[in-house]
Amino acid sequence: MADPIAEVAKKHPAPEGIVYAYGTAGFRTKAEVLDSVMARCGLIAALRSRALGGKSIGVMITASHNPPEDNGVKLVEPLGNMLAEEWEVLSTEMANKATPEDVSAFYREIAERFNIKLSTPAHVVIGRDTRASGARLLSCVLDGVKAAGAEPKDYGFLTTPQLHYMVRCLNTQDTSDAYGTPTEPGYYEKFSEAFKRALGGKKISGSLTVDCANGVGGPKLTELVKYLPPKDQGLEIFVVNDNVIKPESLNVECGADFVKTNQRAPPSSKSGPNDRCCSLDGDADRLVYYFKDSNNMFHLLDGDRIATLVASFLGDLVRHSGLSDILKLGVVQTAYANGAATNYVEQNLKLTVDCTPTGVKHLHHAAAKLDIGVYFEANGHGTVIFSAATLEAIAKHEPRSPAQKESLDVLKACIDLINQSVGDALSDMLLVEVVLAHKNWGPQEWLATYNDLPNRLLKVVVSDRNQFKTTDAERKLVKPDGIQKQIDAEVQKVRQGRSFARASGTEDAVRVYAEAATRAEADDLARKVAEIVK
Ligand code: 16G
Ligand code: ZN
């Protein structure tokens, strides 16, 4: 009898000489060499579903902010979390098997190792961004899923957070933790309804221009807007850079990564002084805000700013609801967070700050240990998570005054407004708008909360980035020997200096970050540290 696993591996052979790795954001590389990886991810997803008794596992086909010719894939756990680490390793091993027979043997080996009965029903849920290669890669995933005898559910185009949402909804349906209706209208209804409640009758001043990176966020935001309150009672949104008909324009001169990296608005931007603007990335899981002041100066309000804004607001709500004795709020950042942001959270907001290595899963893990964990990377990835005990305490809490009730109602609405399955640029954006409306702030007031230290990020090409080993949440190098000492010596020479170097998880390079009291000192420090690691 034919072996369907070997057959599908034969249909999508692995190109020779390429070593694949399931990295911080799944597999990601040039789309033309991903067919075999996609088919094998279909197999792994089916096995993972079976290992969890048939729960739905997500497969998202996207390369986020990467150029249009790239693509990638990541797997999503039943509640919307990132794939368990052990299964990342299995995925890598599967992707690198040489022959169809090796693939088939490894498939059976995994089943044996985890006591998986291959006759158990399996469910795999798939979404993709708008890249030209998406349709072909989807068919490869479907081939893998079907070869494994699993049932695929293809949602077509979705943002990454929408796919996470669908997975969580499907797995919680008909339980007391039901997250929502696993459909696109279900998603828009849930978040727009929470947005209305969270606004609590407050007015939003001015409009918001949203740059969608010419990616999947564009059409999805246009759809979401239809569910939001009419603009005179809610928010006027202008959707720009939403051309998904021309996939070669994805992330080109626009999007959150462009704005954060270049520290400037997309060249196509026509916004005027003090107009609120924000940018999504190619799969709408990153968000940054910005504006031009009356002198035409550009100001970025990045992930650090979103974290501080949201933490200050949620902290106030917890206090004003009468919950501050029992609920502790904390902020989780990475070493890339601006020192001024860290300082502001500790000194002004009087909240704890944890620092973790780069990558959503590390921040998420640390935030999950808090009652209310606000986590954002400076690049705009992030969300807020509430522990089960926190949700219960909030649900049970009896307000002692109308003012407490009002705060409690807004707090509850915010919980519903924040996508609990993963960081979501669309939901984060609505949350920022709610906070600004309650504080009656424009971008200027938001910016005025603290002054960023000038900083510089450099990419250094080295002969072997794997030599660079870090400790202390990537803030110190332990290898190569002696380098950290030299970095420390340079840091000492500038005012308010801080610098670190780490191997990138997504590119073949070492990244150097430096900040200091002045632009000249920050630039100089970055250059010196780059020289040291070179
Ligand atoms: C991945 C991570 C992102 C991180 C980036 C760092 C996820 C979903 N994505 O894109 O959070 O900021 O890698 O890239 O975790 P780097 O290692 O090249 O600096
Ligand atoms: Zn992304």
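Residues numbered from 1 in each chain as written. Chains lettered and ligands numbered in written order. Predicted model: local features only at pLDDT ≥ 70, side-chain atom pairs only at ≥ 80, totals over all residues.

## Re the domain arrangement of the protein
- By domain assignment, the protein separates into domain 1 (4-157), domain 2 (185-301), domain 3 (303-429) and domain 4 (455-533).
- Taken together, the contact pairs 4 residues of domain 1 with 5 residues of domain 3.
- For the side of domain 1 that touches domain 3, the residue count by class is 2 nonpolar, 2 polar and no charged. (Domains from an automatic or database assignment. Contact = placed C-beta atoms within 7 Å. Nonpolar A, V, L, I, M, F, W, Y, C, P; charged D, E, K, R; others polar.)

## Regarding the environment of Ile 418
- By the element assignment, Ile 418 lies in the loop between helix H14 (402-417) and helix H15 (425-439).
- On a C-alpha basis, the gap between Ile 418 and Gly 282 in space is 20 Å, while along the polypeptide they are 136 residues apart.
- In this structure, Ile 418 is in contact with Thr 383, Val 384, Ser 427 and Leu 431, ignoring residues within four places of it in sequence. (Helix = DSSP H or I, 4+ residues; strand = E, 2+ residues; numbered from the N terminus.)

## Comments concerning the sheet that holds strand S7 (residues 236-240)
- The strand order across the open sheet formed by 5 strands is S7-S6-S8-S9-S10, and the pairing between neighbours is mixed. The outermost strands of the open sheet, each flanked by one partner alone, are S7 and strand S10 (298-301). Each strand of the sheet is rotated relative to its neighbour by a mean of 25 degrees, with strand direction disregarded.
- Of the pairings in the sheet, the one linking strand S6 (residues 207-211) to S7 comprises 5 bridges and is parallel in character. (Pairing = 2+ DSSP bridges. Axes fitted to C-alpha atoms, helices over the stretch in contact; angles between N-to-C directions.)

## What to know about the packing of helix H1 (residues 4-11) against helix H5 (residues 134-147)
- With their axes 9 Å apart at the nearest point, H1 and H5 run at an angle of 165 degrees to one another. Classed by the angle they form, the pair H1 and H5 counts as roughly antiparallel. The crossing of H1 and H5 is right-handed. Taking contact as the criterion, the partners of Pro 4, Ile 5, Glu 7, Val 8 and Lys 11 in H1 are, on H5, Asp 143, Gly 144 and Ala 147.
- By residue class, the composition of the contact of H1 with H5 is 4 nonpolar, 1 polar and 3 charged. (Parallel < 35°, antiparallel > 145°, perpendicular 65-115°, else oblique. Left-handed = near helix turned anticlockwise from the far one by under 90°.)

## Quick notes on H1
- Buried residues of H1: Ile 5, Val 8 and Ala 9, and no others. Taken down its axis, H1 places every buried residue within 100 degrees of arc, on the same side.
- Where H1 is buried, its residues meet helix H2 (35-51), helix H4 (100-113) and H5. (Buried ≥ 20, exposed ≤ 12 C-beta atoms within 10 Å, placed from the backbone. Arc of directions from axis to C-beta.)

## A closer look at the pairing of S10
- Here strand S9 (residues 287-292) pairs with S10 via 4 bridges, running antiparallel. In the strand pairing of S10, Lys 292 is matched with Phe 298.
- With antiparallel pairing between neighbouring strands as the criterion, S9 and S10 make up a hairpin whose turn holds 5 residues, including Asn 296 at a positive phi of roughly 70 degrees.

## Things to note about the site of ligand 1
- Close contacts around ligand 1 come from 13 residues, with Gly 359, Val 360, Ser 504, Gly 505 and Thr 506 the closest.
- Across the shell around ligand 1, the residue classes break down as 2 nonpolar, 8 polar and 3 charged.
- If you count residues domain by domain, the shell around ligand 1 takes at least three from each of domain 3 (303-429) and domain 4 (455-533). (Near = placed C-beta within 6 Å.)

## Topic: the sheet that holds strand S11 (residues 329-334)
- Spatial strand order, S12-S11-S13-S14: 4 strands in an open sheet with mixed pairing. Whereas interior strands pair on both sides, the edge strands pair on one side only; in this sheet they are strand S12 (352-356) and strand S14 (382-386). For this sheet the average axis-to-axis angle between neighbouring strands, irrespective of direction, equals 20 degrees.
- Both S11 and strand S13 (residues 372-376) contribute to a ladder of 4 bridges, which runs parallel. Bridging from a neighbouring strand, Val 332 pairs with Tyr 375 of S13.
- Across the sheet, helix H10 (residues 303-320) touches S11, S13 and S14, and the angle it forms with S13 is around 165 degrees.

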